[in-house]
Amino acid sequence: MGTTLQPIDLPDWAWERAEVRQALRARDMGAVFRHVQQYAGASQARIAAAAGMTQARVNEIINRRREVSRLDVYERIADGLHMPDDARHLLGLAASREKRSGGAAFDLAAFPEVVRVYAAQNSAAEEIQQQAREAEELDVLAVRGLGLIGLNDSLLRACLPRDQGGKGLRVRVLLLDPDSDALVQRAAEIGESAESLAGGVRLAEARLRELLADSCDIEVYRYRMLPTWRLIRMDSTMFVSAFDAGWEGHESATYKVMETPHGPLFRGFRRMFEAVIEGAQRTV
Amino acid sequence: MIEAELKARVHSPEQVMRLLDERAQARVEVYQDTYYDRPDGSLEKADQELRVRTVHGADSRRTVLTFKGAAVDEGSGSKPEHETRVDDSEAAHAILRGLGHVPVIAFEKRCRNYDLEARGRQMLATLVRVPEIDGTFLEVETLVDEDEVAAALDDVRAVLAELGIGPEDLTRETYTGAVAAQRS
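Residues numbered from 1 in each chain as written. Chains lettered and ligands numbered in written order. Predicted model: local features only at pLDDT ≥ 70, side-chain atom pairs only at ≥ 80, totals over all residues.

A. Structural view of the overall build of chain B. The secondary structure content of chain B amounts to 5 helices and 8 strands. Ordered by position in the sequence, the α and β elements of chain B form the string β-α-β-α-β-β-β-α-β-β-β-α-α. For 184 residues, the compact-globule estimate of 2.2 N^0.38 gives 16 Å, and the C-alpha radius of gyration of chain B, at 16 Å, lies within 12% of that figure. Dimensions of chain B along its principal axes, counting C-alpha atoms only, are 45 × 35 × 35 Å. Burial status across chain B gives 36% buried among its 184 residues. (Helix = DSSP H or I, 4+ residues; strand = E, 2+ residues; numbered from the N terminus. Rg over C-alpha atoms; globule rule 2.2 N^0.38 Å. Buried ≥ 20, exposed ≤ 12 C-beta atoms within 10 Å, placed from the backbone.)

Put into structure tokens, the structure is as follows:
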């Protein structure tokens, strides 16, 4: 029992024996396992632990009741048995990649950036408000922003400094330029007149401007690109959904994305937000 | 209750994750931890911990308030633990500050949690990455009465062995210490 999980280290000479090489060339893992038992004195349990499979599976392979055919399983066995590169080549595998001690791909697969998925913004509302109350930075990329921040009963309005005793939240809001071609297209997509949509953006701007009087740290910008992503970022947490034809932003499924060292989504969206601000016109 | 716990550095995280995934369904969660102390640092000097943890999970966001007393087991550092859920994380922070505690360190842990039943005990195995610290860690813990700690730790060791983690991989290094060293 105590030795079940000791790593298996076959001596190099064993990997060079003709019958082992023949088994590798034929991709006959049953024979390879038998040689491992023979030369390393490894039990089926140890082989199973090393190759990340059950002992029952190892037994079936050794007794030829099952064959290995999937590449990832060959990889696992080769890694688990610490096969030298020469042996890996006989199996048809590339040389052992540099020692994989985690790495970016492992981190992102094991600890994904997307930590939660919501059917629509509605189901994320309470959590978005909670996060906003504790945040130092709030960025919003929207179309007219009335549902999110423009009106008294909008999702984020209650979290703004005005009601918070001026806690120092920095707010930046990007709204679609009411005079842009993209707004005309967006209005058509959601079956609204351009005039009404543009009016909504101007209303939101006016309501956000009122916050200045309460010495709120708020900046509002107009952008002209076609609305694609809908973003709400609070510090290192972001809620992401999308705009599409016939599809209002708040109806989109929403991902909660949290910043990680290697995560491309959080980084990409934050960078995109900054780039849109760069090209936008500040109105508040 | 005592949290009988061992922590190890994981050298083959892919393999350990595979073995854990075969035994239980992973819960992937992000912990945002803030540790508090008295201004004179007396909690740390007494080997005690006071923590507010907000857990971001796949179907909830919840906050727990935790106090850990001084270790009762020298080898593992297992500590008595008192933990309760709080509804409002902001209020929990405000209460601790209001009582004169100061935040000492705050950092994130990214976790894959596995609820295991092993050797007749409910155990929690957690694969951990702390972005500011190199490497992947595995914690295995179970809550027991004080007179059970030694037996429970034997069982925890056995589970670690099944995951390919030997005694040489165990560490008593704390995340708070490693993060603080990294930032200094």
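B. Inspection of the sheet that holds strand 6 (residues 237-242) of chain A at higher detail. Residue and element names in this part refer to chain A. Ordered by their spatial adjacency, 8 strands build an open sheet running 1-7-6-5-2-3-4-8, and the pairing between neighbours is mixed. Whereas interior strands pair on both sides, the edge strands pair on one side only; in this sheet they are strand 1 (114-118) and strand 8 (281-282). Bridge analysis of strand 1 against strand 7 (residues 254-258) gives 4 bridges, and the strand direction is antiparallel. Bridge pairing links valine 117 to tyrosine 255 in strand 7. (Pairing = 2+ DSSP bridges.)

C. A look at the packing of helix 3 (residues 29-40) of chain A against helix 5 (residues 55-62) of chain A. Residue and element names in this part refer to chain A. Here helix 3 crosses helix 5 at 105°, and the two axes come no closer than 7 Å. Judged by the inter-axis angle, helix 3 sits roughly perpendicular to helix 5. Residues Met29, Gly30, Phe33 and Arg34 of helix 3 form the contact with helix 5, whose participating residues are Val58, Ile61 and Ile62. A per-class count over the contact of helix 3 with helix 5 returns 5 nonpolar, 1 polar and 1 charged. (Axes fitted to C-alpha atoms, helices over the stretch in contact; angles between N-to-C directions. Parallel < 35°, antiparallel > 145°, perpendicular 65-115°, else oblique. Contact = placed C-beta atoms within 7 Å. Nonpolar A, V, L, I, M, F, W, Y, C, P; charged D, E, K, R; others polar.)

D. Summary view of the interface of chain A and chain B. On the chain B side, the residues contacting the 21 residues of chain A number 24 residues. Of all elements in the fold, only helix 8 (103-110), strand 1 and helix 9 (121-134) of chain A reach the threshold of two or more residues within the side of chain A that touches chain B. Of the residues contributing to the side of chain A that touches chain B, the split by class is 9 nonpolar, 6 polar and 6 charged.

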